[in-house]
Amino acid sequence: MKRTQVFQRGLTLALVLTLGLLAGCERPPVQTVQRGYRGTGMEQVYNPRTLAAQAPANEAPAPIEPASPDGPKASQVYQNVKVLGHLSVGEFNRTMAAMTAWVAPKQGCVHCHNVQNFAEDTLYAKVVARRMLQMTQTINVDWQRHVGKTGVTCYTCHRGEPVPKEVWFQPLTPKGANGFAGDKAGQNTPAETVGLASLPYDPFTPFLLESQNIRVAGTEALPAGNRHSTKQAEWTYGLMMHMSKSLGVNCTQCHNTRSFGSWENSSPPRLTAWHGIRMARALNQEYLVPLTDTFPANRRGPAGDVAKVNCATCHQGAHKPLYGAEMAKFHPELQMKSPVPAAAASGVATLTADDVKAMQALPADTAKPATPG
């Protein structure tokens, strides 16, 4: 073989290998935004093509015209109104119309209601929707240290679909994961949840359902009593991979990579994220898991558990859900916890004694975000 042919083949092979190594990279141009002090590398890297592609999915719908607060209350006119009965009939119907547009625009009212008797609770979707209303109110009232004054609505998660696009179920343990050769500890089973890496494939159960310790890095050069292993740290990295992808940001959104563990060198979004982790955990534990038996089998995961929330449920690739669109301000009924309505006077109320008992039995929310230690 001629020397020229050998050179050409070698050059071709080198080019193929180079392209293979770059396959996981994004082609330029990319844009950077400075997030911290100059010279510290605190920059966010954005791909304008990715931003353009996801922009339509993060566009907030136009609000419905406000309704008059005058007139009889919804609980005086309609039966079995357990959450929004304090609203006027006009306000109540406006909220129902908004929820239909946010959650089930194709299905309409029949997604939650038996149109022959709207007061019935025979459809599981109605029972779930009632509890989700209370969850939305709780987020807007008790978790402002994460959602701020912007708040959330049903559309934040649902985006016009009955089931939010981004939810999670506990996965089944892969076959052979805990065989005679040892326990894989969830690793080396590439999953989308951790960017197809070898990191543990289920970072949500220990951190967004249970309260396992996320911060495992030592604060000194030598171990000095820190018994956390690299294997334990990889669970944390799995969660961070999820958060980075869910918000469309890199590590410097929250951390100064000179010292990941230092709060003094971190940016303000890290505190917001701290509360967000605890918010997601509280919502899963107090609102979603208790609804497990309400959902039919075909709406549960492979392990029989209910769909739960994580960072992507609201953010869906944006550093702020819907790029910070303030939808909740047009719906004050979602920015306060609904009072338990009393029976109306003069026999006008259509609530039964059983309805009142059921309202009084509704669990009170106790989720209060803590102060970081």
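For the structure, see preceding data.
Reference entry: report on the structure contained in this document. (Residues numbered from 1 in each chain as written. Predicted model: local features only at pLDDT ≥ 70, side-chain atom pairs only at ≥ 80, totals over all residues. Heavy atoms only, no water.)

1. Remarks on the pattern of salt bridges
To keep things clear, this is the line we draw: Salt bridges are defined by distance alone: a side-chain nitrogen of Lys or Arg within 4 Å of a carboxyl oxygen of Asp or Glu. Here's how the labels work: a residue is buried when its accessible area is under 20% of the maximum for its type, exposed when over 50%, partly exposed in between, all with a 1.4 Å probe on protein chains only.
Taken as a whole and assessed by the stated rule, the structure comprises 5 salt bridges. One salt bridge in this structure joins Lys126 and Asp121, with 3.1 Å as the shortest N-O distance. Note on Lys126: relative accessible area 8%, which makes it buried. For Glu326, the salt bridge goes to Lys329, with nearest N and O atoms at 3.5 Å. Judged by relative accessible area, which is 40%, Glu326 ranks as partly exposed. Look at Lys329 and you get partly exposed, because its relative accessible area is 49%. Residues joined in a network through salt bridges with shared partners are Asp121, Lys126 and Arg130.

2. A few points about the side chain of Asn310
Here is the rule: Strands here mean DSSP runs of E at least two residues long; helices mean DSSP runs of H or I at least four residues long; both are numbered from the N terminus. By the criterion applied in these results, polar contacts are pairs of N or O atoms within 3.5 Å in which, for protein atoms, one can donate a hydrogen and the other can accept it, and in which residues neighboring in sequence qualify only through two side-chain atoms.
Along the chain, Asn310 turns up in the loop between helix H10 (269-288) and helix H11 (311-315). A polar contact of 3.1 Å, which involves the side chain of Asn310, links it to the backbone nitrogen of Ala312.

3. Here's the deal with the nonpolar core
Which entries qualify depends on this criterion: Throughout, nonpolar core names a set of buried Ala, Val, Leu, Ile, Met, Phe, Trp, Tyr and Cys residues whose side chains join them through atoms within 4.5 Å. Two residues qualify as a contact provided that any one of their heavy atoms is within 4.5 Å of a heavy atom in the partner residue.
Counting 32 residues, the largest nonpolar core has Met132, Ile139 and Leu283 as the members making the most contacts within it. Mapped onto this core, the elements with two or more residues apiece are helix H5 (124-142), helix H8 (204-209), helix H9 (230-247) and H10. Of the residues forming this core, the biggest block, 8 residues, is contributed by H10. Ignoring any residue separated from it by four or fewer positions in sequence, one finds Ile139 in contact with Gln144, Val147, Val152, Met279 and Leu283. Phe92, Ala98, Val103 and Met327 belong to the second-largest nonpolar core, a separate cluster that totals 20 residues.

4. Describing H9
The α-helix winds at 3.6 residues per turn, so residues separated by three or four positions along the chain end up facing the same way. For clarity, the threshold we go by: A helix is expected to span 1.5 Å for every residue after the first.
Look at H9: 26 Å from first C-alpha to last across 18 residues, which is about the 26 Å you get at 1.5 Å a residue. Those residues of H9 that sit buried are Ala233, Thr236, Gly238, Leu239, His242, Met243, Ser246 and Leu247. Looking at the buried residues of H9, the elements they touch are H8, H10 and H11. Just past H9, the residue Gly248 takes up positive phi, approximately 65°.

5. Some thoughts on the packing of aromatic side chains
Our working rule: Note on aromatic contacts: the rings of Phe and Tyr and the six-membered ring of Trp form a pair at centre separations within 6.5 Å, being stacked when their planes are under 30 degrees apart, edge-to-face when over 60 apart, and tilted otherwise. In this analysis the charged atom, NZ for Lys or CZ for Arg, is taken to sit over a ring once it is within 6 Å of the ring centre and within 35 degrees of the ring normal.
A complete count under the given rule lists 3 aromatic pairs for this structure. With 5.7 Å between their ring centres and 55° between their planes, Tyr124 and Phe295 make a pair best called tilted. A residue pair is termed long-range when its members are at least 10 positions apart, and Tyr124 in helix H5 and Phe295 in the loop between H10 and H11 qualify at 171 residues. Measuring from ring centre to ring centre gives 5.3 Å for Trp168 and Phe204, while their planes differ by 45°; the resulting arrangement is tilted. One end of the pair, Trp168, is in the loop between helix H7 (154-158) and strand S3 (178-179); the other, Phe204, is in helix H8, with 36 residues separating them in the sequence. Exposure remark for Trp168: the relative accessible area of 3% places this residue in the buried category. Phe204 gets classed as buried once you look at its relative accessible area, which sits at 5%. Its guanidinium or amino end placed over the ring of Trp263, Arg270 lies 4.0 Å from that ring's centre, counting from NZ or CZ. The residue whose ring lies beneath Arg278 is Trp274, and the NZ or CZ to ring-centre distance is 3.6 Å.

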